[in-house]
Amino acid sequence: SLPVLIVRDRRSKGVWSHPVPSKGVEHPWPAKALMNDLDMMGYKRLIMKSDQEPSITALVKAVKNGWQGDLIPECSPKGESKSNGEVERCVQSVHGLARTIKDFVEQKAKMTIDSKSPLLAWLVEHCGNLLLLCHKGEPHDGHTSYMRLKGRPWRVELPGFAECVHY
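Residues numbered from 1 in each chain as written. Predicted model: local features only at pLDDT ≥ 70, side-chain atom pairs only at ≥ 80, totals over all residues. Heavy atoms only, no water.

A. Molecular detail of the environment of K61. The residue K61 is located in helix α2 (residues 54-66) in this model. The exposure class assigned to K61 is exposed, which follows from its relative accessible area of 56%. (Helix = DSSP H or I, 4+ residues; strand = E, 2+ residues; numbered from the N terminus. Buried < 20%, exposed > 50% of the residue type's maximum accessible area, 1.4 Å probe, protein only.)

This is how it looks when you write it as structure tokens:
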């Protein structure tokens with residue numbers, strides 16, 4: 001039920017996902033999370049593409065003013081959903097992975113996770129991390145997004161989500 005901020009780096013194919021308390025800049029967390037993602041990417045100058053939704057426009061403006069690098073905002077044309085296809089696919093990937101892991105945990109624990117559980121917020125963040133650190137998708141070069149960004153593989157073993165949940 002919380003809004004989710006999903007960020008996609010076109011060059012590395014990295015995906016970051018963050019549950020946020022509200023859309024836009026009503027709360028400082030979305031801007032802070034986005035600036036942390038930009039810092040991890042390591043770019044000093046980038047073009048940030050988004051739709052023309054007022055909450056996203058306000059967030060981009062806040063990040064432009066608060067981030068150390070040079071950020072150039074670019075909005076896709078109104079009513080042109082095809083121009084947002086890459087991000088829409090990332091949204092589907094994060095939500096699909098989250099549903100799969102949630103179903104697995106519910107089956108393993110023989111319980112139902114409430115839709116307002118804070119566990120789901122953590123799950124959304126975890127799914128973005130899994131896609132960034134483990135997914136070897138497009139381009140088919142055998143590298144994860146993290147490897148493309150940092151030049152080396154992630155070496156710290158990640159616990160399974162179900163193992164982190166104490167039933």
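After presenting the structure, the write-up continues.
B. Structural view of the pairing of strand β3 (residues 45-50). On β3, burial follows the alternation: L46, M48 and S50 on one face are buried, whereas R45, I47 and K49 on the facing-out side are not. This β-α-β element, β3 to α2 to strand β4 (residues 70-75), shows right-handed connectivity. (Right-handed = clockwise from strand over helix to strand, strands pointing away.)

C. Spatial organisation of the layout of surface pockets. Roughly 1,300 Å³ of internal volume is contained in the largest pocket. For the largest pocket, the lining is made up of 41 residues, of which I6, R8, K49, S50 and V87 are closest to its centre. Looking at the lining of the largest pocket, the elements that each hand over two or more residues are β1 (4-8), α1 (29-41), β3, α2, β4 and α3 (85-109). In terms of residue count, β3 provides more of the lining of the largest pocket than any other element does, six residues in total. Among the residues making up the lining of the largest pocket, the classes are represented as 21 nonpolar, eight polar and twelve charged. (1 Å grid on protein atoms, 1.4 Å probe; cavity = no way out; pocket = protein on both sides within 12 Å on 5 of 7 lines; lining within 4 Å. Points joined across faces, edges and corners; volume = space filled by probe spheres on them. Nonpolar A, V, L, I, M, F, W, Y, C, P; charged D, E, K, R; others polar.)

D. Focus on unusual backbone geometry. Residue P139 follows E138 across a cis peptide bond; omega there is -15°. Tracing the chain through its elements places P139 in the loop between α4 (118-134) and α5 (145-150). One non-glycine residue with positive phi stands out, namely K13, at about 70°. Note on placement: K13 falls in the loop between β1 and β2 (15-19). Phi at K110 takes a positive value of approximately 55°, unusual for a residue other than glycine.

E. Examining the packing of aromatic side chains more closely. In total, this model carries one aromatic pair according to the counting rule given. With a centroid separation of 5.4 Å and 90° between ring planes, the pair formed by Y146 and W154 is classed as edge-to-face. (Phe/Tyr/Trp six-rings, centres within 6.5 Å; stacked < 30°, edge-to-face > 60°.)

F. Structural view of the environment of S55. With respect to the element layout, S55 can be found in helix α2. Once the C-alpha coordinates of S55 and W16 are considered, the two residues, 39 residues apart in sequence, prove to be 18 Å apart. Sequence-distant contacts of S55, that is, excluding residues within four places in its chain, are made with K23 and G24. Among the polar contacts listed, one links the side chain of S55 to the side chain of E53, at a separation of 2.9 Å. (Contact = heavy atoms within 4.5 Å. Polar contact = N/O pair within 3.5 Å; in protein donor to acceptor, adjacent residues only side chain to side chain.)

G. Up close: the state of the cysteines. Enumeration over the complete set of coordinates arrives at zero disulfides. There is no disulfide at C75, and the cysteine sulfur nearest it, in C90, is 18 Å away. Among the residues examined, C75 registers a relative accessible area of 40% and is labelled partly exposed. Left without a disulfide partner, C134 is nearest to the cysteine sulfur of C127, which lies 11 Å away. (Disulfide = S-S within 2.5 Å.)

H. Spatial organisation of the pattern of salt bridges. Using the criterion set out here, one finds seven salt bridges in the structure. Residue D70 pairs with R45 through a salt bridge whose shortest N-O separation is 3.0 Å. Residue D70 is found in strand β4, and its partner R45 is found in strand β3; the two are separated by 25 residues along the sequence. Judged by relative accessible area, R45 falls into the exposed class, the value being 58%. (Salt bridge = Lys/Arg side-chain N within 4 Å of Asp/Glu carboxyl O.)

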